[in-house]
Amino acid sequence: MRISTAHQFETYRARISARQADLFAAQQQMLTGKSFSKASENPAATRQVVSANNLIGRAEQIGKNLITAKKRLSYNETALSEMTTLTNRARTLVIQGANDTNTPEAREALATELETLRDQIVNIGNTRDSRGRYIFSGQQVDTKAFSAGTGTLIYNGDGLPLQAEIAPGERMNVALENPEGLIRGLYDRLNSAINNMRSGNGQTLSDQDLAGLEQIGKSVNLVRGTTGAQIARVEKLNEQNELRIDDLKTQVSDLQDIDIAEAITRYQQAETAYSAALQTVAKGYQLSLMDFLR
Amino acid sequence: MPGPFQGIGTVSTALRAFQRGLDVVGHNIANVNTPGYTRQITTFRTAAPTDLYTASGIAALGNGVRIDSIISARDLVLEGQAGANAGAYGRSAAYTAALTQIEGVYGEPSANGIAAALGAFFDAWSGLGSNPSEPANRLQVRNAAETLTSRIRTAYSEMDRISEHVSASATEVIERVDLLAKEVAKLNLEIARFSTSTNRPNDLIDQRTLMLQEMSSLVGANWREQKDGTVTVYAGGAILVEGQSSRPLPSTIDASAGTLTDGVITIPIRSGQLAGHMDALAQMQGQQQMLNELANSLRADINGVHQTGINALGQTGIHIFDESSTGAEGFRLSDQVLANADAIAAGVSGSAGDGGLALSISDRRDQALAALGGKGFESFFQNAIVRLGSEVSHQQTTSEALLAVGQQIESQRQSIGGVSLDEEMTDMMRLQRSYQAAARALTVFDEVTEDLLGIIR
């Protein structure tokens, strides 16, 4: 085939240009660390990467929700624990007071301590978390849960659940169930014990108040058990969530990140090819009939 | 009957002919870099003989050499192929260039893209719903919504900007084609004047061919050569050049139909850069429509749920997205939410700890919507991105293939009509030697004539 001069040089230019483009592409890969940066470079992988990144974002939000849930449940657990301690102390006092060998003065002392415990119950009922929200108020988190006027306990909350999204589409109630009932039950029982203590009704103290306190102790333990289970579940979900995030990140990396060894090899190949093209052109261009004519 | 100066005459034809031959070689060398130039070849033939009376009858005595013609080495079939390919490649290349820009508007996959903003938006609602009394979570929702609206608005206006540039390029193409048509008509006139059955004005034809190839690459024009040497040029079935008159293209572009119209005639343009620009404009119209659908669906759906809630200021019926504007262009947060993040409602009861509404909004991300073709927000957008990416990839491959074909055709054209300096050098040596021989012969004839004249002293 005849090779015209223009065609010859055009071919040189085109080859050098093509090898240069290859070299540049290999460089870009090494600089960005990504095997593709545009959807057009790999449409199928792009879909998977975008989808995986969205799942990672969602899982990270779930992670934050789980941390918030756990903090809240811990406050619940602490309050319940204090209630248990208080209930046990009250039982001890009632057992002591039920004994008819007590003097009225002794019984008065016990009643006074029971009054202190009763007031503490209200305080427990008004526990606040680190952000100042009342944990017994249900959804009325900024409203003080209990006010004890002159001997009557008023509940200002609504006892409604607080839902948190702990898994995609899944909710958990992180508020205490029946907060009014828990506190009021103990409050009323203590009031009863105080009255019976002052009235010297040892038998009633033993039959009703002690039994009542024991019943309350069991109820509180039940709620503590439930709360403990919730905390365990949240911890487990957190673990699983973190594993899921790791998995997804690995997926994205597999799809998008280059293998450094492979990239370096490709770069060296491109460099060699470019160098070869340059050398070939330099040699080829030097040959001309004019050099040989006298 | 040959005269005494027959020999001198014969040899001097050689001198003249070979000198012209060298001129043609010189012309070729001078035009080695001229685009569209096809090398010219001098053909020689013998001059008409003179009668010579011999003992056995009349013989023909040669009279030397004449230049038969100067022809250019062009291949009309290859020229036609080159034109067709130029049109196809022009379309693909122009479309691909625009597609690369269009793809760049979204920049996916990216943490700064619309897909990520969509995800973050719904994530923020999940956070608010799980802890509605935390003020930072309201701010997170507002920030995420602000980012989402901003990115969608920006993408839409970027499409506008690119469309403007492409439209301007398309108009430039039309103007250029009109100019070329006028030039071709002028050349038609001159070429017709100089053409005979055997000789053609080669340089003018080369120039005209170059213009025709350019018109092909711009609007997919094709041409037919007439007997008088003129060419008739067509585009989309309409005649642009006939003889020495030309007509401008209709100038109103209808990108979605792929036609040009001037109210009187409508011609389809299926080839050339102009077709590529129209493809790009149609693609951008499609992208903007997609963004509109996304924005409108978000606005209607999210606002619809949100307005049933009571926000931290005790108000109800508040919108997240501004309802006084439509589409992606006007997609923004409502004034109330912009002014105060507490305008965002987390629940329907108004209680500080009620996050049910926010959780419902978060759940909307998985809802299939009829307005989005039965898809959810995230998958709707992901599909659009992947479709665009596939289109770009496909066009790039097509473009590369057409370029390779074009280079092949050009290579063949060059093989036939391109100037090779080495070859011209060789021809030059041949003609130079021939000229030397003829000149040497002339001195001999001169001496012979001198001898002849010397007899009559």
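It should be noted that the structure appears before, not after, this text.
This section reports on the structure supplied with the text. In this text, all values refer to a predicted model and were calculated from it rather than measured experimentally. (Residues numbered from 1 in each chain as written. Chains lettered and ligands numbered in written order. Predicted model: local features only at pLDDT ≥ 70, side-chain atom pairs only at ≥ 80, totals over all residues. Heavy atoms only, no water.)

**A closer look at the overall build of chain A**
- Looking only at helices and strands, one finds 7 helices and 4 strands in chain A.
- In sequence order, chain A lays out its α and β elements as α-α-α-β-β-β-β-α-α-α-α.
- Dimensions of chain A, computed from C-alpha atoms along their principal axes, come out at roughly 140 × 30 × 25 Å.
- By the burial criterion, 41% of the 294 residues in chain A qualify as buried. (Helix = DSSP H or I, 4+ residues; strand = E, 2+ residues; numbered from the N terminus. Buried < 20%, exposed > 50% of the residue type's maximum accessible area, 1.4 Å probe, protein only.)

**Notes on the pairing of strand β4 (residues 170-173) of chain A**
Residue and element names in this part refer to chain A.
- Across 4 bridges, the pairing between strand β3 (residues 163-167) and β4 is antiparallel. Within the sheet, the bridge partner assigned to Gln 163 lies in β4 and is Asn 173.
- Counting the residues between successive antiparallel strands, the hairpin from β3 to β4 contains 2 residues, one of them, Gly 169, with a positive phi of roughly 80°. (Pairing = 2+ DSSP bridges.)

**Focus: the interface of chain B and chain A**
- At the junction of the two partners, chain B supplies 55 residues and chain A supplies 43 residues.
- Carbon and sulfur atoms supply 48% of the area that chain B and chain A bury against each other, a total of about 3,900 Å² over both sides.
- A per-residue breakdown of the area chain B buries against chain A is headed by Pro109(B), Gln382(B) and Val386(B), which together make up 14% of the total.
- On the surface where chain B and chain A come into contact, there are 4 salt bridges.
- Residue Arg2(A) pairs with Glu423(B) through a salt bridge whose shortest N-O separation is 2.8 Å.
- If you look at where chain B meets chain A, you find 27 residue pairs in polar contact (both at pLDDT 80 or more).
- For the side of chain B that touches chain A, the secondary structure elements donating two or more residues are α2 (76-106), α3 (114-130), α4 (135-194), α8 (356-363), α9 (377-417) and α10 (421-455) of chain B. (Contact = heavy atoms within 4.5 Å. Buried area = accessible area lost by both parts, 1.4 Å probe. Salt bridge = Lys/Arg side-chain N within 4 Å of Asp/Glu carboxyl O. Polar contact = N/O pair within 3.5 Å; in protein donor to acceptor, adjacent residues only side chain to side chain.)

**Side note on a nonpolar patch on the surface**
- Taken together, the side chains of Met30(A), Ile260(A) and Ile264(A) define a hydrophobic patch exposed on the protein surface, amounting to about 240 Å² of accessible area.
- Looking at the element boundaries, Ile264(A) is found in helix α6 (residues 260-286). (Patch = residues over 30% accessible without salt bridge, like charges linked within 9 Å, V, L, I, M, F, W, Y side chains within 5 Å. Areas by Shrake-Rupley, 256 points an atom, 1.4 Å probe, with all protein chains shown as cover.)

**Structural notes on the environment of Ile344(B)**
Residues and elements named next belong to chain B.
- In this structure, Ile 344 sits in the loop between α7 (335-339) and β13 (345-347).
- Judged by relative accessible area, which is 0%, Ile 344 ranks as buried.
- Separated by 70 residues in sequence, Ile 344 and Leu 274 place their C-alpha atoms 50 Å apart.
- Not counting chain neighbours up to four residues away, the residues in contact with Ile 344 comprise Trp 125, Leu 128, Arg 138, Val 141, Arg 142, His 306, Asn 311, Ala 312, Ile 320 and Val 337.

**Observations concerning the sheet that holds strand β11 (residues 266-268) of chain B**
Residues and elements named next belong to chain B.
- Strand order in the open sheet formed by 3 strands is β9-β10-β11, with antiparallel pairing between adjacent strands. Each edge of the open sheet is held by one strand with a lone partner, namely β9 (252-254) and β11. Strand-to-strand twist across the sheet, computed as the mean angle between neighbouring axes with direction ignored, equals 25°.
- Pairing analysis gives 3 bridges linking β9 to strand β10 (residues 259-261), with the strands arranged antiparallel. Across the sheet, the residue bridging to Asp 254 is Thr 259, located in β10. (Axes fitted to C-alpha atoms, helices over the stretch in contact; angles between N-to-C directions.)

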